[in-house]
Amino acid sequence: MGALDIFAVIVFVVAIASVVAVFVIAGMAPGYVARRRGHPWAQAVSVAGWVTLIFGFVLWPVAFIWAYVDVPARPANKQEIAK
């Protein structure tokens with residue numbers, strides 16, 4: 001096994017690791033956004049993100065959009081919360 005073969009194996013391993021990392025990041029993204037924005041159904045958005053990514057990428061953007069909508073309005077200031 002020559003140096004070129006070893007380099008090719010290293011490139012292949014890095015490429016596979018990159019694909020797996022992108023897949024995991026894409027699966028976690030809708031749930032992460034929903035939790036950060038205080039979405040009332042953040043867990044459902046997270047599950048929808050993973051399910052739609054695993055069973056076909058077509059509906060994954062819908063889960064991502066869902067993470068940004070339906071967020072309850074925040075009070076104008078913190079004093080209203082204390083009352």
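What counts, and where the lines are drawn
Residues numbered from 1 in each chain as written. Predicted model: local features only at pLDDT ≥ 70, side-chain atom pairs only at ≥ 80, totals over all residues. Heavy atoms only, no water. Axes fitted to C-alpha atoms, helices over the stretch in contact; angles between N-to-C directions. Helix = DSSP H or I, 4+ residues; strand = E, 2+ residues; numbered from the N terminus. Parallel < 35°, antiparallel > 145°, perpendicular 65-115°, else oblique. Left-handed = near helix turned anticlockwise from the far one by under 90°. Contact = heavy atoms within 4.5 Å. Nonpolar A, V, L, I, M, F, W, Y, C, P; charged D, E, K, R; others polar. Buried < 20%, exposed > 50% of the residue type's maximum accessible area, 1.4 Å probe, protein only. Polar contact = N/O pair within 3.5 Å; in protein donor to acceptor, adjacent residues only side chain to side chain.

Where helix H1 (residues 3-36) meets helix H2 (residues 42-54), the axes come as close as 7 Å, and the angle between the chain directions of the two elements is 160°. Between H1 and H2, the angle is such that the two are roughly antiparallel. Considering the relative orientation of H1 and H2, their crossing is right-handed. Taken together, the residues of H2 that come into contact with H1 (itself represented by Phe23, Val24, Ala26, Gly27, Met28, Pro30, Gly31, Ala34 and Arg35) are Ala42, Val45, Ser46, Gly49, Trp50, Leu53 and Ile54. Partitioned by chemical class, the residues of the contact of H1 with H2 number 11 nonpolar, four polar and one charged.

A word on the side chain of threonine 52. Along the chain, threonine 52 falls in helix H2. Here threonine 52 falls in the buried class, since its relative accessible area comes to 16%. Among the polar contacts listed, one links the side chain of threonine 52 to the backbone oxygen of glycine 49, at a separation of 3.4 Å. Discounting chain neighbours no more than four positions away, the residues touching threonine 52 are Phe57, Leu59, Trp60 and Ala63.

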